[in-house]
Amino acid sequence: MATPTLQVALDLLELDRAVEIADEAVRGGADWIEVGTPLIKSEGMQAVRTLRERFPGHEIVADMKIADTGAVEVEMAAKSGAGVVCILADADDAVIVEAVRSARKYGVRLMADLINVADPVSRSRELAALGVDYINAHVGIDQQMIGRSSLDLLRRLAGEVGVPIAVAGGLDAETASEAVAAGASVVIVGGNIVKAADVTGAARRVREAIDRPEIRPREEESRDAAIRRLFEAVSAPNVTDAMHRKGSMAGVVSICGRVKAVGPAVTVRTLAGDWAKPVEAIDVAAPGDVLVVRNEGRTDVAPWGELATHSAKNRGVAGIVIDGAVRDVDDIREMKFPVFATATVPNAGDPKGLGEINTEIVCCGQEVRPGDWIVADESGVVVVPRERAYEVARRAMEVRKNEERIREEIRRGRTLSEVSELLKWEKRH
Ligand SMILES: O=C([C@H](O)CO)[C@H](O)[C@H](O)COP(=O)(O)O
């Protein structure tokens, strides 16, 4: 079998950054350079021309995701210097046929992208019969965030299609290796190379994995375990960024400085600092849960203190968030237990049993339901609706990865405004 091709997908908005990153990826072993769809939308065919000029020895792939006017769009990309042009597999056959004619006329190859195709095996056969050169088993970035896997799609196609198969969608060194073992001829990697601080190193790791493919037994991970692993690896700001800046509680701070709490919420509503329900909630909580307490927003009386903290810690509770005050701050700090509150005050309320456990509450301006995920660190507390927890955790990890490359470019001397091209991307009114 021929050595599989490594295609780096430049899913960026700025051409200068794309050229720099392409250069680093090529040094790490990338063969083909994909002008990603976001780059094409941002910079047009100029991106294809520039990369063609700058990398004369490498194939340039134009990820046009063609849906209509197949001939014209293939012609544009071909004349700009692309050697491979991408079309949507679910485009009408009329579009595919025209694109194939144009590709033959201009001497380029067509790659059909299976994103969102209902019956990928039969559609791939049809596309091969129509003259498409490559089938791309692609799971798009938004689809990845809800748990779809490009490797699953690839495995459905292996041995079923008469043309070479490319694969794309969230691949890294480990999954690239599995992709080759499953029959991929072209391995397409975007974020896990182009968002890395060390692009050359990331590309090299994928290159080595492709050249020496192996399948390592993978440990099954439950959804909840994946959510926890991802939230533990990101910050509360990463999480709110992933939610379009939503979800942050207002006015609540960490009492113990640099601590972090991640877990599903056990909610508590109490009144007048009554500490019965918050303390009973410790027994209701499972290890790893976070208690979220609303004390009517009152800061003159504390429903939580040192003994409750001690008990929660013993029980394995991951932390507590209080819309209200806490006391015994010195003892709590010694325990380094994640306590987040809006105030501190010495006096407690009385344990009369007012309030309720595990009902919907509003805490520091955010609605919290039992089981919603809480991510709290020194920057504050974010609530993630339980039904979106996996998706938001995946997106927060992408935010974190994206910042790695931006941080590296600032380290090299650019300003944040330059890296983000802020002036160009200001909203026009
Ligand atoms: O085609 C892509 C996507 O639709 C955005 O245009 C990506 O290039 C492709 O998914 C590869 O990128 P990663 O999934 O980040 O590896």
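The structure presented is a predicted model; accordingly, all values stated were derived computationally and were not measured.

What counts, and at which threshold
Residues numbered from 1 in each chain as written. Predicted model: local features only at pLDDT ≥ 70, side-chain atom pairs only at ≥ 80, totals over all residues. Heavy atoms only, no water. Pairing = 2+ DSSP bridges. Helix = DSSP H or I, 4+ residues; strand = E, 2+ residues; numbered from the N terminus. Axes fitted to C-alpha atoms, helices over the stretch in contact; angles between N-to-C directions. Contact = heavy atoms within 4.5 Å. Phe/Tyr/Trp six-rings, centres within 6.5 Å; stacked < 30°, edge-to-face > 60°. Buried < 20%, exposed > 50% of the residue type's maximum accessible area, 1.4 Å probe, protein only. Domains from an automatic or database assignment. Arc of directions from axis to C-beta. UniProt positions renumbered as here; feature names shortened; annotations may be inferred. Near = heavy atom within 4 Å. Polar contact = N/O pair within 3.5 Å; in protein donor to acceptor, adjacent residues only side chain to side chain. Areas by Shrake-Rupley, 256 points an atom, 1.4 Å probe, with all protein chains shown as cover. Nonpolar A, V, L, I, M, F, W, Y, C, P; charged D, E, K, R; others polar.

Participant: Is there a simple way to think about the sheet that holds strand β7 (residues 165-168) in this case?
Facilitator: Note: strands within a sheet are paired through backbone hydrogen bonds, in either parallel or antiparallel orientation. The strand order around the closed barrel built from eight strands is β1-β2-β3-β4-β5-β6-β7-β8, with neighbouring strands paired in parallel fashion. Across the sheet, the mean angle separating the axes of adjacent strands is 25° when strand polarity is ignored. Pairing of strand β6 (residues 134-138) with β7, which is carried by four bridges, proceeds in the parallel orientation. Along β7, the bridge assignment pairs A137 with V167. Contacting β1 (5-10) and β8 (186-189), helix α11 (residues 199-211) crosses the sheet at an angle of about 150° to β1.

Participant: Whenever I open this one, the packing of aromatic side chains confuses me. Can you help?
Facilitator: Here a ring pair, both rings aromatic, is described through the centre-centre distance and the interplanar angle of the planes. Scanning the model with the defined rule gives two aromatic pairs in all. Taken together, a centroid distance of 5.8 Å and an interplanar angle of 85° make the contact between W32 and Y134 edge-to-face. Taken as a pair, W32 in strand β2 (residues 32-35) and Y134 in strand β6 lie far apart in primary sequence, 102 residues in all. Comparing W32 with Y134 shows no difference in burial state: the two are buried. Here F231 and W373 contribute two aromatic rings whose centre-to-centre distance is 6.0 Å and whose plane-to-plane angle is 45°, an arrangement assigned as tilted.

Participant: Sorry, what's going on with the domain arrangement of the protein chain here?
Facilitator: Interface extent is often summarised as the accessible area lost during association of the parts. For the protein chain, the assigned domains read domain 1 (5-211) and domain 2 (227-390). Relative placement of domain 1 and domain 2: their C-alpha centres are 45 Å apart.

Participant: Whenever I open this one, helix α6 (residues 120-130) confuses me. Can you help?
Facilitator: For an α-helix, 3.6 residues make a turn, and residues three or four places apart therefore share a direction. Considered for burial, the residues of α6 that qualify are P120, V121, R123, S124 and L127. Burial along α6 is one-sided: seen end-on, the buried residues are contained in an arc of 165°. Tucked into the core, α6 has its buried residues touching α5 (93-106), β5 (109-113), β6 and α8 (150-157). Looking one or two places after α6, you find G131, whose phi comes out positive at around 110°.

Participant: Help me out: how do you make sense of helix α14 (residues 276-284) in this one?
Facilitator: The set of residues buried in α14 consists of A276, K277, P278, A281 and I282. Residues of α14 that are buried make contact with β10 (261-269), β11 (290-294), α15 (306-315) and β14 (356-357).

Participant: Could you clarify how one ought to interpret the pairing of strand β18 (residues 380-384) in this entry?
Facilitator: The side chains of a regular strand alternate, first on one face of the sheet and then on the other. Burial runs high along β18: five of the five residues are buried. Relative to β18, strand β17 (residues 373-377) runs antiparallel, the two being bridged by five bridges. Residue pairing in the sheet places A376 in a bridge with V381 of β18. Once β17 ends, the chain turns through two residues before running back antiparallel as β18.

Participant: Can you help me understand the environment of A71 in this one?
Facilitator: Of note, A71 is situated in helix α4 (residues 70-80). For A71 and V100, which are 29 residues apart along the polypeptide, the C-alpha to C-alpha distance reads 7.6 Å. Once residues lying within four places of it in the same chain are set aside, the contact partners of A71 are E98, A99 and S102.

Participant: It is not clear to me how the UniProt feature "domain: Orotidine 5'-phosphate decarboxylase" (unreviewed entry) in the protein chain should be interpreted in this structure. Could you clarify?
Facilitator: Those residues carrying the UniProt feature "domain: Orotidine 5'-phosphate decarboxylase" (unreviewed entry) are residues 5-206 in this numbering. Span residues 5-206 is 50% helix and 20% strand, its end C-alpha atoms 11 Å apart.

Participant: Help me understand the site of the ligand in this model?
Facilitator: As a matter of local geometry, the ligand sits amid 15 residues, with D11, H138, G170, G190 and G191 nearest to it. Taking D11, its side chain carries an N or O atom lying 2.6 Å from an oxygen atom of the ligand. Considered on its own, the ligand offers 400 Å² of accessible surface; in the complex 90% of this is hidden by protein. Every element with two or more residues in the shell around the ligand is listed here: α2 (37-43), β3 (60-66) and α7 (141-145). Across the shell around the ligand, the residue classes tally to four nonpolar, seven polar and four charged.

Participant: When you look at the side chain of E391 in this model, what are you seeing that I'm missing?
Facilitator: Residue placement: E391 occurs in helix α17 (residues 389-411). Excluding residues that lie within four positions of it along the chain, E391 makes contacts with M145 and I146.

Participant: Can you walk me through unusual backbone geometry in this structure?
Facilitator: What is expected of a backbone is that most residues other than glycine have negative phi and most peptide bonds are trans. Here the phi dihedral of T69 falls at roughly 40°; this positive angle occurs in a residue that is not glycine. Inspection of the secondary structure assignment puts T69 in the loop between β3 and α4. If you check the backbone angles, N116 has positive phi at about 65° while not being a glycine.

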